[in-house]
Every structure is written in structure tokens, then in C-alpha cells.
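Descriptive analysis of the structure
Below, each chain spelled out in residue letters.
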Amino acid sequence: MTNWLLRQANVGEVFLEHRGELTYHVQNPLVLYIGLPVVALLGLGVFVLQRRNLKSSPVSLIAALTACRVFILALLVLVLSGPFVKLETARENRPVFAIVFDRSQSMDLNAGPFPDHEARGIAQATGLHVSDGPLDPEVRKAINQQTRGRLAHAAVTAKKDELIAAHAKRFDLKAYTFARDVTPIGVDAANFTLPEPTPPGGPSSRLGDAIQHVLKEAAGRPIAGIVVFTDGESTGGLTLGEVAQNCVAANAKVFAVPTGAAAKARDVSIIDVSTSGQVTLGDTARVGVVFESQGYDGKPVRVIVRDGEKVLDTKEIALRSAEQQQVELTFTANESGPRYLVVEIPPFADEDHKSNNTDVALLRVSDEKIKVLYVEGLPRWDFRFLKNAMRRDAGLTGREGKLIDIVVETEWRRQPETARAKALPQTIEELSAYHTVILGDVSPKLLTPAFLQLLEQAVREKGVGLVVQVGPQAMPYEFDKTLLDLLPVQIDRKAAGIYAPAAKPFTLELTPDGVIHEAMQLYDDSGRNQAAWAQMLPYQWCVGAVRPNPAATVLVANPNVTNNYGKLPLIAWQPAGKGRVMLVGTDSTWLWRQNVADRFFYKFWGQSIRFVARTEDAGKKKSWIEVKPVRVQPGEEALVELRAYNQGGAPVEQPSLPVEITGPGTRTSLVLDADPNTKGRYLGRYRVPAVGDFRFQYASGSAEARLRVLAAPEEMRYPNVNRAALQTLATSTGGKVVELTEADWQQKIVSELKGEPKITKRPPSEATIWDNWMVLAMLVIVYALDVGMRRLGGLS
Amino acid sequence: MLVLAGQPISTTAQPKLPTTGPLDAASPQTELKVVQQVNASIDRGLVYMASKQKKDGGWHANNAINSLAVLAYMGRGHTPGRGRYPDVLEKGKKFILANAQDNPKGYMAQFGGGSMYEHGLTTLALAEMYGMDPDPELEARLRAAIELIERTQSTLGGWRYGPSPGDQDLSVTVMQIVALRAANNAEIPVKQTVIDKAIAYVKSCNYPAGGYGYQGAGQGGPTSAAGVLSLQLLGKPDDPGIPKTMEYLKTFLRPTTKEQWESSGLSYFFYFHYYAIQCHYQFGGAHWNEWHPKIRDAFLSRQNADGSWDVIPGTGEAAHADPNKIYSTAMACLVLDIYLHFLPAYQR
């Protein structure tokens, strides 16, 4: 009943939830104290007066009438006194104590081998009873061969009382597992039972993201400590350095518990495989292999690259454990299409981890060379690196010669007038012979309005690809609508770009579209790819973009410059008629060469040149379908793009179109939505469920694409427990590394957990309880009762 | 060799670089760690050189040293008008241009002396700056400098100290070749006849058993590294003389302790390593893999606390060393810059 009344009084849900803690007050008690006695006296006076004046009326009627009036007056006094309810709540604020378990693939590796004295400590840590004598061989074997994930589980379970239950009232326990994503574990601290661990299988370890998740979930509450049970490998997401800084800012200590032996495994591990990316049939393809080894100094190994069962090249190398080693393998590309090359170092018989002796790299072999025209203003560094890289790229050529066609404005302006006039293509046939045109920081003196109109026609009607790399001299600020309308972003022409403060240069941020875009794949593994982009050197200048066009896809943004439309688009593309146009909004891609030379720099450029390149389909009006990237890992998304034409060659105009997908144990349909900006273009995303080859078909195979889904090898690249990384992470947050081999390891954590529950009172909340319909209704009803009784009693 | 003014510099005890702890020491050097170490070391060197730049923008009365300093900054990714050192580069450029003789036309050596060493290195620095700096004077002076190199080539295809055709030696010649290559990379035309003659001259200095001589066929560490690099930059990386010379250069790869470093017997130590690391990088493969870790460690471990490097006492470089140690510091930075891949002239 009280609940109902309070609800009618509109006091708000929070008051109802804490009804037992409510107190009732009046704003003007004096009114109440004086008013009520006055009303009582008035009531007595009214009764006496009516008894004198209404002698024929029964006493009961007079009493009822008097009661009505007294009630009305009393109600008015009550309203005048301002009654309200007051809520004062107190909260027990317990510090968060988080336990985080690594469940990535590498946690399925053996925790051992432990030397004898450590094995004894591990046995005790995991609750095994061991006698004082030599360790039983079976026990030692079991300890060494249990997985890292199982070791963490057993250790926490064995010490749950000291580590968790004893502090159930002091801390708010949170438990999580992580691989690529973070998953909360529902646990009761007072009655702690750790669920059986799920089989490890996460394709990457995002330790930094997991700790960041704990900080975020704490939502500002104090954190007693974060305990991570992990092998220390973090293959993507936030770096450990970044998350350590965030922990310091949140005053959260990290306690790292390595879940494996300190001894380094005897192992040869392929760390990295890179390829030329794309080559043309008959070209020499290169495969770079970086590997490291432990325990095999001086021993020779063979590094093999093969396509299926066919060995393409092999080299013998003497192993050195001091440094990572590199080798380059070469072969002639004889088969077109995407080639999945297997790189292998045959394992030694006694290697501890054999799964990291093999890796796979993607090489695209095209049938046709791509014809490129490169027009630049000044010979800036990007130009000097890019033109040489393109000249070395056997898959690129010029319109007629063997090398790509280059026009540089600084040399062009020194030529005689007649030669200048012929420097660039003069007809649509000449220009559309190119697959891709790259425009650098060129001025309108070279790119005349006539040429730009020709270029627009070549892009829109012939499907010629265009890459525009901006610069502070002219591009694109000094150009008019013809060129600007082709670009995927709208440009602020008032300023020639944006300069970063010298001490705070710009960074770049891969967008979700960029993550899966073929031009942005520096590594085949998405975690490594994102990490590589995140670690690119900062730059000092970028294009003065306003916002992306509706049809544009932003691949990279500048997070340091924002406006009403969000982060500044830095690299973006859009379809323009039959062609594609990409804008590269910085002139400093040469910074991507740090330490790796052309590897990232030209991987981006080579892939971009090919992405925008004119395709033969662009002129044929035949349906085609593309799935990007061509290699993904299970659980990742792929972008599906369909260009649908009917039999007459006209774009299909439907709100959506289905695509059939078949793969290992999968037969499903994906509905693609129409791109409102481009007729006949349909887009959708597909999250691949499992490893294997997937086929995407439109209209019963009138267009088809394939996608290969591979397991991530990155988890096994560094099989040793990375104590150095954990040491850095823990100590930089004020925490420490705690070894399970230490006696009472759990006490070493518990003793450093900080914080106590605090009772915090919230500021009181108040709500009036008189200004509502019930008070008004009571007044009206009692007044009506009064009037009715008078009428019925024959009174005026 | 380079004309270096000033007093010999005494070497002092070298502070050890901070180690990263036993766990790191036991781990293989990963790419990231290498870059961090190298970047930190170069940055200290650049801070040191910035502190020694004079108000007029110069460091030295020799444009070769001024140009090495400017190149060291650009090698770390600092370009005109951008980043932490825009003033250092701008003032350095203006000093170089203002103090170049231009007599004969295009000659970049400073007033009152100089040589084609100075001209070659200065032309290289201007060529690297060109394109990142739209200064029309820079372009005009660079073009004139390139034309001077072309017209002062000897009949045999080399260059010598003076800005006129006549005699030649490999040491001066390689400086001009690097400058020509940088200009050519910036699309400034270089006559093919000049290139062909330069190739012929360099090859004439090749010793059959491997190595290159100072004037004619012979052997010697610095000239051999310079000879290999010349052919690589001139588009002849597959020249049959190169593999033998790379084997010969292995004899200069010593352990990296300070004592062993100082007893290396190289009279022009920094000069040698400036070319040697470049030619090893260009050659690649096992030679590069074997060469660069030891050289990197040697240079990193010898840096002074103030960011500078000392020349080795008793060497030819010490006899000409500048008191501010700009030559040795800039050269050391340029050796380490090879890892960063920023200078276009360093690219394969």
C-alpha cells in the first residue's frame, strides 16, 4: 500500500527501491504545529455554531459536516507545511580484486619442463602432496606435461581459500578469461569455485586489452590488484607499455604469475614471413623469413618454401641463438591466382615445440602487368622511395616501356614547350591504357583543366584507378571541382594542410574498415597487422580534410584532429563511376620504412595501386564479387562486395541481394545491402566460422569469389614464457612477478593487495509528497461529500 | 683524406649503456629492441650536435662536416620545416649555401680552401634536402653542383682534390658518385657517359684477389668499402669483383671491445665504417647479417655520455679532428641511420 501511495506521489523509482530507508519530513513544521491545533479549535467552534444554528438537523449530520470541514482545513495545513520524503543511503564500496586467466592457444603448451627444485614448488603450489625425498617420476612427469592453462587453474583452485575466500568481504572479486576477447567468469568469492577451463583456442593473446577491460569495468572504483595468470605473450591489442601507463593512472597494481617454466625451450621458431605481395607470371618472387632458435647453436637447418607439395626454393643456414636470423628465398611464379606459400624449417627430433616451424604466406600472382603513370611535383622522399620500389616491382609497367611512366614537375618545367605539351597523355585512349594513375603534390601548371577532365572521364567511364597523395605545395588545395569531386573526402581549401605541433606529432588509427581492407594488410595476421599500424611513426603534416563523402570508405583516420564529423580521414577511397579513387592524406609514408625499409611502405603502396587499378570487368558490365581480405582467421570478418549487372549490362537495382556461401560444414546465405551511392554495388560482412576454403556465389555462380580461412600461427611464434615482458608490466605498475614455485606464492600477492571497504553516504535525496492528484482528489471528494450531505439534509 | 681542422681529441672512459636486465640479455635481439637502442643513441648524438651549432648555422669551417651533420639529422627522419629540428636544418642549409665558394660555378667548398671531398658531401646533403624543401635557391645550387661534378670528371672517369679534370683517386671519386646517385634519384639528369666512365674507373681500382686501391688496383679497408658501394650505387651490384671484396672486408670485422676497436689499425675508422655498413647493407645476405650486429654494438658502446663520439687517438682522423667532435658524431649517427632507412641515398 505504501509503495502504491508513494508511486502515485511520483517520488521516483529510487525511493521505492529503498522504501525501508525513507524518512518523512515537512518543510515548515511551524505551520503544522500551529495549524493543526487551530484547526481542532476551529472544528470545535464550527460544531458548536452549527448545533446552535441547525437545531432541526441530527447531531450525526452536524458531526459529519464538521468533520468534512476540519478534514479540508487539516489537509490545507498539511499542504502548507510542505511534506516530503527523504532518502539517505550508505554504500559499502569494496575495492576490485581481479583475477585474469590467459586462455589463448599458447596456454595449451606444456608448462614444463621444470628442474627438480622448481617441480617440487609447483607440486606444492597446485596442492599435490609431496614427500621430502626425491620427487616421484610420475608426479614430475605430470607436472611437466600439464598445460599452462591447467597449471593456472590448479594453482588457484588449491589456494582459493587464502587467495580469495579469506578476502570475500574485503574485496569485490572479478574474474575473467581472455584470448582475443575478454570473457567474465561468474564466481562467488565467499564460495569460490573456478569453473573447469575451456580448451584454449583463442587465435591471439590480447593481454593489454584484458587488463584494460578490468580498468574499464572498475569504472573508477579503487582496484586492490590485478592478478594475471599468463605466459606473457601478447600478440595484439594494447601494448603492455600502454596498459601499464593506464594502470599507473588508475593506481592499479598488476601481479603477474608466469604459468610455465623459466628454462627456454629447445626450439626453432619462424617469427615472420613476408612476400613480394604481388607478382606477375614469370616474375621472380621473394619470400623473406625471420626465425630464431634456442639450444641449437651452429647446427645447420634448411629453410624451405613450397606451394602445396612443390618445393620452390630452399636454403641452408647455420643457427645462432644470439639474434633473430633472416633468409630470403626466391622462385619464379608460374601459376596465377592467390598462392598460399608454406615456409618450413624441418624440426629437430628433440625440439620442444614443433608447431612453430611452419608458417604460411600469401602471394598473389597476376596474369597481366599493371600499367602505371606516376605524376609528381617535387622529388620528395615519398616519391624517391615509391618510384624505385615500383620500378623493382615486376608486376608494374608503363604504357609502352618496361618501367612505369614518371613525370616530375621540376624536370617537366625545364623542358621545351613542345615536350611539355606532350608529357602527359593527350587522349582518352592514351590515358585509359593505364590501370592506375598516381598524382603527387603537382601544381595546376602541369595538371591543366583539359588533362583533369580527361582524367575524370578515364576514371568514371573507363574504370582507371586513381591514387592522389596530397602535399603542402598544391595538392589538392589549388585544384577546382573537377579533381575535388573525384576525391573521397571533402577538402578545406583555405589552408594547405594541417601541421602538427613539433612536440605532439599526429598518429594514425586504422578504422574497422581499414582492418579488413586489402590495401592495409601489412601482415596476414590481423592482430599483427593492427599492431604494426599502431606502431607506425608519428608524422607532422596531413591533408586539411573536412569529412568523408557518403560513398567513401575511410581506412585510416587521424585521431589527433577531430571536428563535427569525427576524426579526420587520412586514407580513404570511394568508387567514382567505374573507377576507384584513393586519397593518401599524408606526405610522410616514408616514415613507415623505419627498420623495415620497403616492407610496410611498399606493401601499402603496392596493394593500393592494385586495389584501385582498372579491372577488365570494369568495362564489361558483368557481375563480379570480391571478398577481402583474401586470408582471414576463424572468427574474423570479411567484407563482401558485389557488383551486380543484369543480362543487358545495366546495374541491378534492388534494396538487397543474397550471396550463397559454402564452406567446410557450412552452407548459408548472406544478404548484401545496396550501396545507396553506387548503382549495382552491394556490400555485406561475413564472420567466418572455421578454418577452410569458403566459396561465395551470386546468382548461381554468375559471379564467384573464394576466401581462405587459416588458423593463426602467431600464438606459437614465441613459445617461451615471456618473463621479461611480465616483469616490465608488473614492476612499472608497482606490482611484481610472483612465481608459483615460491613458497606461499598466494601470500605474496595478498599481502600487497591494498584498500579496505568504505562506507560512503550519498547526499540525501528528497521528494515532495503533496503536489499530486491524490491530495486534489481528497479535497474534491470531501468537499463534494459536504455539499451532498447538505443537500440531502435539506440545508441550503 | 678529409681535411679536418682542430686539435686531437683525447679519449675518456666510456660510460656503459644501461642494460635491460638478465632476462633481456638472454633473449635474442628483436627488431624493436634494435630500433629502440639505435634511435636513443642517434637522438643523443643529435642533441649533442644541436648544442654545438653556431648562431650562424654552421658547425665548422668545412662544409663537408656541416653537410655530414645535416645528413645525420635527415637520416633520423628530421626534414626541413618539420619535427624537432627545423631551425637546425634551415640554419645549416643557409650556412652551407652562403659560405660555398661557387668558384668555379657550382663549387660547394667553403672560401679559403676546400676540396672535392667537401663538394661531394655537400652536394649529397643538398640533394637529400631537395624535394623536402621547395627553396628555389637550393635547387639552383644543387643543379650547378651536379654540373660541376660532371665537368670535372677526369678522362679516366674519376675525381681528385681540385675542382678540375685531371688526376683521380677512388676516395674522392666515391663521394662524387654518391652525390650523383642522390641527384639522379631526385630525377636530376646525370649524363650516362659520366656514369659509364665512373664505373670504368672504379673497376680499374679493383684488385684481382678482392679489394680496391686508392689510385689503381690495390687493397685497403676504406677504399674497398668505397669501391664496392660505388659500383652498387652505379647500378652494378652484380659486378664479379664485389663478392671477393666482401670476403676481403670480413678481415676488418673485429670483436667489439674498446681495446680491440682501437687496435683495429684503421687510420680512418669512421670514414671506413660509413661506407662499409652501406655496402654491406646493399650486398645483404650473410655478409650483412654478420656485419651489422657487431658494428652496431661497437658504435653504441662507444658513445659518450654527452651523446658525442670520439675519434680514436693516433689515427689519421684524430690528427684532423675538430674539437666539437662533429665529424665523428655525425659519422657515427650516419652509420646507425642505416637501420632507419630514411635517407633516400641509402636505399637499395
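Residues numbered from 1 in each chain as written. Chains lettered and ligands numbered in written order. Predicted model: local features only at pLDDT ≥ 70, side-chain atom pairs only at ≥ 80, totals over all residues. Heavy atoms only, no water.

The helix and strand tally for chain B stands at 15 helices and 0 strands. A burial count over chain B gives 64% of its 348 residues as buried. Of the contacts made within chain B by residues no fewer than 6 positions apart, 70% connect residues no fewer than 24 positions apart. On chain B, roughly 12,000 Å² of surface is accessible, and the fraction owed to carbon and sulfur atoms is 56%. (Helix = DSSP H or I, 4+ residues; strand = E, 2+ residues; numbered from the N terminus. Buried < 20%, exposed > 50% of the residue type's maximum accessible area, 1.4 Å probe, protein only. Contact = heavy atoms within 4.5 Å. Areas by Shrake-Rupley, 256 points an atom, 1.4 Å probe, with all protein chains shown as cover.)

Ranked by size, the top nonpolar core spans 207 residues in total, and within it M390(A), L439(A), L447(A), I571(A), M582(A), M49(B) and Y275(B) carry the most contacts. When residues no more than four places from it in sequence are discounted, the contact partners of I571(A) are M520(A), T553(A), V554(A), L555(A), V556(A), M582(A), L583(A), V584(A), G585(A), W592(A) and F604(A). I143(A), A152(A), V227(A) and V257(A) belong to the second largest nonpolar core, which has 38 residues in total. (Core = buried A, V, L, I, M, F, W, Y, C linked by side-chain atoms within 4.5 Å.)

What follows covers the packing of helix 9 (residues 221-233) of chain B against helix 10 (residues 241-250) of chain B. All names here are of chain B. Direction vectors running N to C along helix 9 and helix 10 enclose 145°, while the axes themselves pass 10 Å from each other. In the crossing of helix 9 with helix 10, the sense of the turn from one axis to the other is left-handed. Of the residues in helix 10, those in contact with G221, S224, A225, V228, L231 and Q232 of helix 9 are I242, T245, M246, Y248 and L249. Looking at side-chain class alone, the contact of helix 9 with helix 10 contains 7 nonpolar, 4 polar and no charged residues. (Axes fitted to C-alpha atoms, helices over the stretch in contact; angles between N-to-C directions. Left-handed = near helix turned anticlockwise from the far one by under 90°. Nonpolar A, V, L, I, M, F, W, Y, C, P; charged D, E, K, R; others polar.)

A side chain of one charge can pair with a side chain of the opposite charge when the charged atoms of the two come close. Residues and elements named next belong to chain A. Taken as a whole and assessed by the stated rule, the structure comprises 55 salt bridges over all chains. Notably, a salt bridge pairs E509 with K567, separated by 2.6 Å at the nearest N-O pair. Taken together, the positions of E509 in strand 24 (residues 509-510) and K567 in strand 28 (residues 566-576) put the pair 58 residues apart, joining distant regions of the chain. Taking the relative accessible area as the measure of exposure, E509 reaches 31% and is therefore partly exposed. A salt bridge links R643 to E641, with the nearest nitrogen and oxygen atoms 3.7 Å apart. Residue class for E641 comes out buried when judged on its relative accessible area of 5%. (Salt bridge = Lys/Arg side-chain N within 4 Å of Asp/Glu carboxyl O.)

With that settled, the discussion passes to the sheet that holds strand 38 (residues 736-737) of chain A. Residue and element names in this part refer to chain A. Taken together, the 6 strands give an open sheet; going across it, the order is 6-5-4-7-8-38, and neighbouring strands pair in mixed fashion. Of all strands in the sheet, those with a lone pairing partner are strand 6 (182-185) and strand 38, marking the two edges. Sheet analysis places strand 4 (residues 96-102) next to strand 5 (residues 172-178), joined by 7 bridges and oriented parallel. Paired with I99 across the strands is A175, a residue of strand 5. Along the sheet, helix 21 (residues 723-732) makes contact with strand 7 (223-230), strand 8 (254-258) and strand 38, crossing strand 8 at roughly 165°. (Pairing = 2+ DSSP bridges.)

So, about the packing of aromatic side chains. Residues and elements named next belong to chain A. Applying the stated criterion across every chain, the model contains 31 aromatic pairs over all chains. For the ring pair W381 and W590, a centre distance of 4.9 Å and an interplane angle of 70° mean the geometry is edge-to-face. Residue W381 is found in helix 11 (residues 381-392), and its partner W590 is found in the loop between strand 29 (579-584) and helix 19 (598-612); the two are separated by 209 residues along the sequence. Taken individually, W381 and W590 each receive the classification buried, so the pair is uniform in this respect. Among the aromatic residues, those joined into a cluster by ring pairs are W533, W592, F604 and W605. R266 extends its terminal NZ or CZ atom over the ring of Y296, reaching a point 4.4 Å from the ring centre. One Lys or Arg, R593, reaches over the ring of F385 and ends 3.8 Å from the middle of that ring. (Phe/Tyr/Trp six-rings, centres within 6.5 Å; stacked < 30°, edge-to-face > 60°. Lys NZ or Arg CZ within 6 Å of the ring centre and 35° of its normal.)

With that settled, the discussion passes to the pairing of strand 32 (residues 637-643) of chain A. Residue and element names in this part refer to chain A. The buried fraction of strand 32 is high, at 5 of 7 residues. As paired strands, strand 32 and strand 35 (residues 681-687) are joined by 7 bridges and run antiparallel to one another. Bridge assignment links L639 to a residue of strand 35, and that residue is R685.

A cis amide bond, omega 0°, links M475(A) with the succeeding residue P476(A). Mapped onto the elements, P476(A) comes out in the loop between strand 21 (465-469) and helix 16 (481-484). Looking along the chain, the bond that leaves N103(B) and enters P104(B) is cis, with omega of 5°. At N10(A), a position not held by glycine, the phi torsion is positive, near 60°. We classify N10(A) as exposed; its relative accessible area is 62%. Positive phi outside glycine occurs at K325(B), with the angle close to 60°. Following the sequence through the fold, K325(B) ends up in the loop between helix 14 (316-319) and helix 15 (326-337). By relative accessible area, which is 14% here, K325(B) ends up buried.

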